[in-house]
Amino acid sequence: MAFLTRDRVKKTRDTYEIALRQFFQFCRENGVDPLEAKRMHIELFARQLELTGRGVATIAGKLNALSSFYKYAAIDEVIGHNPMIHVARPRVPRVSTTLGLSRPELADLIRAIEGRPSRDQAVVLLLGYNGLRNS
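Procedures and definitions
- Residues numbered from 1 in each chain as written.
- Predicted model: local features only at pLDDT ≥ 70, side-chain atom pairs only at ≥ 80, totals over all residues.
- Heavy atoms only, no water.
- Helix = DSSP H or I, 4+ residues; strand = E, 2+ residues; numbered from the N terminus.
- Rg over C-alpha atoms; globule rule 2.2 N^0.38 Å.
- Buried < 20%, exposed > 50% of the residue type's maximum accessible area, 1.4 Å probe, protein only.
- Contact = heavy atoms within 4.5 Å.
- Areas by Shrake-Rupley, 256 points an atom, 1.4 Å probe, with all protein chains shown as cover.
- Lys, Arg positive; Asp, Glu negative; His and termini not counted.
- Charge placed at Lys NZ, Arg CZ, Asp CG, Glu CD.
- Phe/Tyr/Trp six-rings, centres within 6.5 Å; stacked < 30°, edge-to-face > 60°.
- Axes fitted to C-alpha atoms, helices over the stretch in contact; angles between N-to-C directions.
- Parallel < 35°, antiparallel > 145°, perpendicular 65-115°, else oblique.
- Nonpolar A, V, L, I, M, F, W, Y, C, P; charged D, E, K, R; others polar.
- Expected span 1.5 Å × (residues − 1).
- Salt bridge = Lys/Arg side-chain N within 4 Å of Asp/Glu carboxyl O.

## Concerning the overall build of the protein chain
Counting its regular elements, the protein chain contains six helices and zero strands. Computed over the C-alpha atoms, the radius of gyration of the protein chain is 20 Å, more than 25% above the 14 Å expected from 2.2 N^0.38 for a compact globule of 135 residues. Along the first, second and third principal axes, the C-alpha set of the protein chain runs to 55 × 30 × 25 Å. Across the 135 residues of the protein chain, 26% fall into the buried class. Of all intrachain contacts in the protein chain linking residues separated by at least 6 positions in sequence, the fraction that spans at least 24 positions is 50%. For the protein chain, the exposed surface amounts to about 10,000 Å²; the carbon and sulfur share of it is 54%. Computed over 21 positive and 14 negative side-chain charges, the inter-centroid distance for the protein chain is 5 Å.

Below is the structure:
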């Protein structure tokens, strides 16, 4: 819990908590104490995620959460060695492969901005109708 509460961004805390719960469940199912996990256990967890259809970015995110957790545990001397040091992580493309919103998603967004200032509506409509991104 100390590891999870140290991050100020709630979304990050929630994402890390999900990743840790999934890894701890994997460890329970395989008779491994998470604090005694080895590189091979983490890589097997990543392969299991692949086999269940998780995307590259999802797997990389979960491994990043585990990396932060084990780094924290090593710094606080809860574990003697960080098992994440040589774990091969999937490469995530820097350019998004998402083309944009679907028609129903854009329609939902347009309904959601009704009643907002006209400047906000104009920006959303411009972005949505032209397939632009806010980045």
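## Some details on unusual backbone geometry
A positive phi is found at E77, a non-glycine position, where the angle reads about 60°. By the secondary structure assignment, E77 is in the loop between α4 (56–75) and α5 (103–112). For E77, a relative accessible area of 70% puts it in the exposed group.

## As for the packing of aromatic side chains
The tally for this structure, following the rule as stated, stands at ten aromatic pairs. With centroids separated by 6.5 Å and ring planes inclined at 55°, the aromatic side chains of F23 and F24 adopt a geometry described as tilted. The interplanar angle of 85° and the centroid separation of 6.4 Å between the aromatic rings of F23 and Y70 together place this pair among those described as edge-to-face. Taken as a pair, F23 in helix α2 (residues 10–29) and Y70 in helix α4 lie far apart in primary sequence, 47 residues in all. Since its relative accessible area comes to 0%, F23 is described here as buried. Here Y70 falls in the buried class, since its relative accessible area comes to 1%. Among the aromatic residues, ring-to-ring pairing joins F3, Y16, F23, F24, F26, F45, F69, Y70 and Y72 into one connected group.

## Digging into the packing of α2 against helix α3 (residues 39–51)
Running from N to C, α2 and α3 cross one another at 110°; their axes reach a closest spacing of 11 Å. The orientation of α2 relative to α3 falls into the category roughly perpendicular. Between α2, through A19, Q22, F23 and F26, and α3, the contact on the second element is made entirely by H41, I42, L44, F45 and Q48. When the residues that make up the contact of α2 with α3 are grouped by side-chain class, the tally is six nonpolar, three polar and no charged.

## Let's talk about helix α6 (residues 118–130)
With 13 residues, α6 extends 18 Å from end C-alpha to end C-alpha; this agrees with the ideal 18 Å at 1.5 Å per step. The positive-phi residue at the C-terminal boundary of α6 is G131, with phi of around 65°.

## Re the side chain of S67
Examined against the element boundaries, S67 turns out to sit in helix α4. Those residues within four positions of S67 in sequence are excluded, and the remaining contacts are N82, M84 and R89.

## Some remarks on the pattern of salt bridges
Applying the stated rule across the entire model yields seven salt bridges. With a shortest N-O distance of 2.4 Å, D108 and R111 are connected by a salt bridge. With a gap of three residues between them, D108 and R111 both fall in helix α5, about one helical turn apart. When the shortest N-O distance is used, the salt bridge between R119 and D120 registers 3.9 Å. The exposed category is assigned to R119, whose relative accessible area is 66%. Several salt bridges share partner residues, and in doing so they unite R116, R119 and D120 into one network.

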